[in-house]
Amino acid sequence: MAMRFQINIKSVLLVILFVTFCLHISAQEQDSKWEESQQTYINYKYGFIWHLNEEFNWKLQPLRQKGSIFAASDSESHIVAYILTSKLNSKINDIWKNHQDFLRGISENIGQDSGIRLIYSKKVLLQGKHALKTKLSYSLSKDDRFQNDGIDFDIYQYCVLISGNCVMFNVMVLSGLEEELYKYNLTIENALFGGIVLTT
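Asker: Mind laying out the sheet that holds strand β2 (residues 40-43), listing which residues take part and the relevant values?
Answerer: Ordered in space as β1-β2-β3-β11, the 4 strands form an open sheet in which the pairing is antiparallel. Edge positions in the sheet fall to β1 (32-35) and β11 (196-198), since each has one partner strand and no second. Along the sheet, successive strands turn relative to each other by an average axial angle of 10°, direction set aside. As defined by bridge partners, β1 adjoins β2 across 4 bridges and the pair is classed as antiparallel.

Asker: Describe in detail helix α2 (residues 99-109), supporting the description with residues and values.
Answerer: For an α-helix, the turn length of 3.6 residues means that residues three or four places apart are oriented alike. Taken residue by residue, α2 has His99, Phe102, Leu103 and Ile106 as its buried positions. The arc enclosing the buried residues of α2, seen along the axis, measures out at 95°, which places them on a common side. α2 presents Gln100 and Glu108 as exposed residues on the side facing more than 90 degrees away from its buried surface. The secondary structure elements touched by the buried residues of α2 are β7 (116-126), β8 (129-139), β9 (152-162) and β10 (165-174).

Asker: Give me the environment of aspartate 94: which residues, what numbers.
Answerer: With respect to the helices, strands and loops of the structure, aspartate 94 is situated in the loop between β6 (79-87) and α2. The sequence separation of aspartate 94 and glycine 164 amounts to 70 residues, and the corresponding C-alpha distance is 9.2 Å. In this structure, aspartate 94 is in contact with His130 and Leu161, ignoring residues within four places of it in sequence. One polar contact links aspartate 94 to histidine 130, side chain to side chain, over a distance of 2.8 Å.

Asker: Which residues make up the pattern of salt bridges, and what values do they have?
Answerer: Any two side chains of opposite charge can pair, so long as their charged atoms come close to each other. If you walk through the whole model with that rule in mind, you get 6 salt bridges. Between aspartate 101 and arginine 104 there is a salt bridge, and its shortest N-O distance comes to 2.3 Å. With a gap of 3 residues between them, aspartate 101 and arginine 104 both fall in helix α2, about one helical turn apart. Looking at aspartate 101, the relative accessible area reads 42%, which means it is partly exposed. One salt bridge in this structure joins glutamate 178 and lysine 135, with 3.3 Å as the shortest N-O distance. Separated by 43 residues along the polypeptide, glutamate 178 in helix α3 (residues 177-182) and lysine 135 in strand β8 bring together distant segments of the chain. Classification of glutamate 178 as buried rests on a relative accessible area of 10%. Classification of lysine 135 as buried rests on a relative accessible area of 12%.

Asker: So, the sheet that holds strand β4 (residues 59-60): which residues are in play, and what are the values?
Answerer: Taken together, the 7 strands give an open sheet; going across it, the order is β4-β5-β6-β10-β9-β8-β7, and neighbouring strands pair in antiparallel fashion. Strands at the two margins of the open sheet, each flanked by one partner only, are β4 and β7. For β4 and strand β5 (residues 68-74), the ladder comprises 2 bridges, and the chain directions are antiparallel. Residue pairing across strands places leucine 60 opposite alanine 72, the latter belonging to β5. Against the sheet, α2 touches β7, β8, β9 and β10, its axis set at about 155° to β7.

Asker: Can you explain the side chain of serine 73? Please cite residues and give values.
Answerer: Along the polypeptide, serine 73 turns up in strand β5. Of the residues examined, serine 73 reaches a relative accessible area of 12% and is grouped as buried. At a separation of 3.0 Å, a polar atom in the side chain of serine 73 contacts the side chain of glutamine 61. Setting aside chain neighbours within four positions, we find serine 73 in contact with Asn57, Trp58, Lys59, Gln61, Ile79 and Val80.

What counts and how
Residues numbered from 1 in each chain as written. Predicted model: local features only at pLDDT ≥ 70, side-chain atom pairs only at ≥ 80, totals over all residues. Heavy atoms only, no water. Pairing = 2+ DSSP bridges. Helix = DSSP H or I, 4+ residues; strand = E, 2+ residues; numbered from the N terminus. Axes fitted to C-alpha atoms, helices over the stretch in contact; angles between N-to-C directions. Buried < 20%, exposed > 50% of the residue type's maximum accessible area, 1.4 Å probe, protein only. Arc of directions from axis to C-beta. Contact = heavy atoms within 4.5 Å. Polar contact = N/O pair within 3.5 Å; in protein donor to acceptor, adjacent residues only side chain to side chain. Salt bridge = Lys/Arg side-chain N within 4 Å of Asp/Glu carboxyl O.

Put into structure tokens, the structure is as follows:
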């Protein structure tokens, strides 16, 4: 009789562990989701939706950078869209008032041999919320890791504060795309960032 009781307790413990594990995995999956058919990334944790431009064939990419929560690319047009998050180390919960700290952080993360150069960073509104718009140039010919001459990219970023975190929406494109879009009365903002919806 005692032996049967032990087996039941072990079975119950195994069931409890399994259910706990499943709930943990389910909770992680519920933080965000990618709807490939609609080319839309939804993040419940931070409260936003990014509906990517359907003119491109977006495919999910592995997350390789610290703080990455989403990455997708269109290999034909060489466009990468990705989102980074970082905890704000400030008691001031306004990105505009943290602009200088933000710029200092960028400068500290750009090495001389990285091929990355800050073009501008300015205060803007993103759906009525204080944001920073930043443009960087990235030259592979100046990056010691690649040494590919003649390939240059522009990185556009919108950074907003959500729940004490900097959420950075980024798009990396071949240099010159902005000028090409102007020919069709389009901008980087409406072509690639127009699908951002802040729900918080």
